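Below, each chain spelled out in residue letters.
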Amino acid sequence: MNLCDIKTVKQVMGMFHLTFRKEFGQNFLTDRSVVEDIASECCEASNGTILEIGPGIGTLTYELALRHRKVIALEIDRGLIPVLDYTLKEFDNVQVINEDVMQTDLHALLTDAFAQGPVSVCANLPYYITSPILMKLLESKLPFDYITVMIQKEVADRLCARAGGKDYGAITAVLNYYGEAEKLFDVPADRFLPAPKVDSAVIRIRLYRDKPCKPQNEELLFRTVKAAFAQRRKTLTNALGAGFPELTKEQINAVIADCGLEATVRGERLDIAQFSALSDAIGALITSA
Ligand code: SAM
């Protein structure tokens, strides 16, 4: 069965009396070479487990199952479960679970998988919930090797941006704390059924085993990043002033100078290591107050 063939996708949906559910971000991939490339490039190891989020009718799942030891697929739409039983029936290395990934206890789900080998995530993500899913995966602190996801191109450009670039934002800086993102390739909107309004891209995040920066207080690091980008057009001094009302302007100026930064610098120029140093200096002031 060729699940990338548009006629086949429509036939399978019709067989199970299903329609594409917009509220679940159901845009199914119909380009075989894109599906094969994602399944091959999502991680280096083939002896591990892949956690797939949103298998849909099983198009990507099928190619993952051919290439990896085990696939665990979480699908929110109950209507698709019998479809997946049908399209993936030849595999005994696929476990489909009817669950909302945002409600799933990933630690409990993946304990055995991590005991048996490397685990990576691979998904054509539902666009309505891209950032919450990515943040859940990163904040879980589970030692995934890679997180490879198809997302909106605009979001992909933001996540892969460099400090100082026009697409660089708070989410880029936070992602850089956990790992390194690279764009693998763009995918035009007409490679999906139904076609979404915007183009997509596949990015691969390699998670750090040993983080290059080690802030004394993670929460304070994220608060510092948020403050810097909340007032993007303002200088860092003014942005931090608004984000840390408990500090005086003189204290903020001193912190910025101590970190070797210009008084007029804007937050969007700072990389995550510089944010980490800033947050440590702010933390020292707050705790001594
Ligand atoms: N993997 C398939 C493909 O590439 O053709 C389908 C991708 S489609 C963009 C997103 C899939 O995620 C849909 O099957 C949708 O039902 C599922 N989904 C949406 N929200 C979800 C959630 N919170 N948890 C698990 N699956 C979800």
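Residues numbered from 1 in each chain as written. Predicted model: local features only at pLDDT ≥ 70, side-chain atom pairs only at ≥ 80, totals over all residues. Heavy atoms only, no water.

For the ligand, the set of nearby residues contains 21 residues, the closest of which are G54, E75, D100, N124 and Y128. Q26 places a polar side-chain atom, nitrogen or oxygen, 3.0 Å from an oxygen atom of the ligand. Between the ligand and the protein, one listed contact pairs a nitrogen atom with a backbone N or O atom of G54 at 2.8 Å. A total of 590 Å² of accessible area belongs to the ligand in isolation, and the protein chains cover 99% of it. (Near = heavy atom within 4 Å. Polar contact = N/O pair within 3.5 Å; in protein donor to acceptor, adjacent residues only side chain to side chain. Areas by Shrake-Rupley, 256 points an atom, 1.4 Å probe, with all protein chains shown as cover.)

This part takes up helix α5 (residues 106-116). When α5 is considered as a whole, its buried residues turn out to be L106, L110 and A113. Seen along its axis, α5 keeps its buried residues to an arc of 60°; they face one direction. With respect to the buried face of α5, the exposed residues turned more than 90 degrees away are A108, D112 and A115. Between the side-chain oxygen of the N-cap and the backbone nitrogen of H107 there are 3.2 Å, and the N-cap of α5 in question is D105. (Buried < 20%, exposed > 50% of the residue type's maximum accessible area, 1.4 Å probe, protein only. Helix = DSSP H or I, 4+ residues; strand = E, 2+ residues; numbered from the N terminus. Arc of directions from axis to C-beta.)

Moving on: the packing of helix α8 (residues 170-178) against helix α9 (residues 218-230). The N-to-C vectors of α8 and α9 enclose an angle of 155°; their axes lie 9 Å apart at closest approach. Relative to α9, the element α8 is oriented roughly antiparallel. Relative to α9, α8 is oriented so that their crossing is right-handed. Taken together, the residues of α9 that come into contact with α8 (itself represented by A170, A173, V174, Y177 and Y178) are E218, L221, F222, V225 and F229. Counted by class, the contact of α8 with α9 contains nine nonpolar, no polar and one charged residues. (Axes fitted to C-alpha atoms, helices over the stretch in contact; angles between N-to-C directions. Parallel < 35°, antiparallel > 145°, perpendicular 65-115°, else oblique. Left-handed = near helix turned anticlockwise from the far one by under 90°. Contact = heavy atoms within 4.5 Å. Nonpolar A, V, L, I, M, F, W, Y, C, P; charged D, E, K, R; others polar.)

In this section: α9. Taking 1.5 Å as the rise per residue, α9 with 13 residues should run 18 Å; its terminal C-alpha atoms sit 18 Å apart, in good agreement. For α9, every residue scored as buried is listed here: L220, L221, T224, V225, A227, A228 and F229. On its buried face, α9 is in contact with α8, α10 (236-243) and α12 (272-288). Capping of α9 at its N-terminal end is provided by N217; its side-chain oxygen lies 3.0 Å from the backbone amide nitrogen of E219. (Expected span 1.5 Å × (residues − 1).)

Tallied over the full model, the rule gives nine aromatic pairs. With 4.9 Å between their ring centres and 85° between their planes, Y62 and F91 make a pair best called edge-to-face. One end of the pair, Y62, is in helix α3 (residues 59-67); the other, F91, is in the loop between α4 (81-87) and β4 (94-98), and 29 residues separate them in sequence. The exposure class of F91 is buried, given its relative accessible area of 15%. Judged by centre distance (5.7 Å) and plane angle (80°), the ring pair of Y177 and F222 falls under edge-to-face. Here the residue Y177 occupies a position in helix α8, and F222 occupies one in helix α9, the gap between them amounting to 45 residues. Among the aromatic residues, those joined into a ring-pair cluster are Y168, F229 and F275. Taking NZ or CZ as reference, K211 lies 5.1 Å from the ring centre of Y177, over its face. (Phe/Tyr/Trp six-rings, centres within 6.5 Å; stacked < 30°, edge-to-face > 60°. Lys NZ or Arg CZ within 6 Å of the ring centre and 35° of its normal.)

All right, on to the domain arrangement of the chain then. How big an interface is tends to be stated in terms of accessible area lost as the parts join. Under the domain assignment used here, the chain contains domain 1 (6-207) and domain 2 (218-288). In this structure, domain 1 and domain 2 have C-alpha centres spaced 35 Å apart. Contacts between the two partners involve 13 residues from domain 1 and, on the opposite side, 12 residues from domain 2. Buried area between domain 1 and domain 2, summed over both chains or domains, comes out near 990 Å², and the portion from carbon and sulfur atoms is 63%. Inspection of the region where domain 1 meets domain 2 yields one salt bridge. Here E218 makes a salt bridge to K141, at a shortest N to O gap of 3.0 Å. The tally of links from domain 1 across to domain 2 stands at four residue pairs in polar contact (both at pLDDT 80 or more). (Domains from an automatic or database assignment. Buried area = accessible area lost by both parts, 1.4 Å probe. Salt bridge = Lys/Arg side-chain N within 4 Å of Asp/Glu carboxyl O.)

Attention now goes to the environment of R32. On the secondary structure map, R32 appears in helix α2 (residues 32-41). Each C-alpha atom, one on R32 and one on P212, is 37 Å from the other, the two residues being 180 residues apart in sequence. Other than its neighbours up to four places away in sequence, R32 contacts N2, L3, C4 and E63.

Regular strands show a simple pattern: their side chains alternate between the two faces of the sheet. For strand β5 (residues 119-124), the buried fraction is high: six of the six residues fall into the buried class. Alternating residues of β5 divide into V119, V121 and A123 and S120, C122 and N124, and every residue in both groups is buried. In this sheet, β5 lies alongside strand β2 (residues 49-53) in parallel orientation, the contact comprising four bridges. What sits directly across from I50, in β5, is S120. When β5 meets strand β6 (residues 146-152), the two strands line up parallel, connected through four bridges. (Pairing = 2+ DSSP bridges.)

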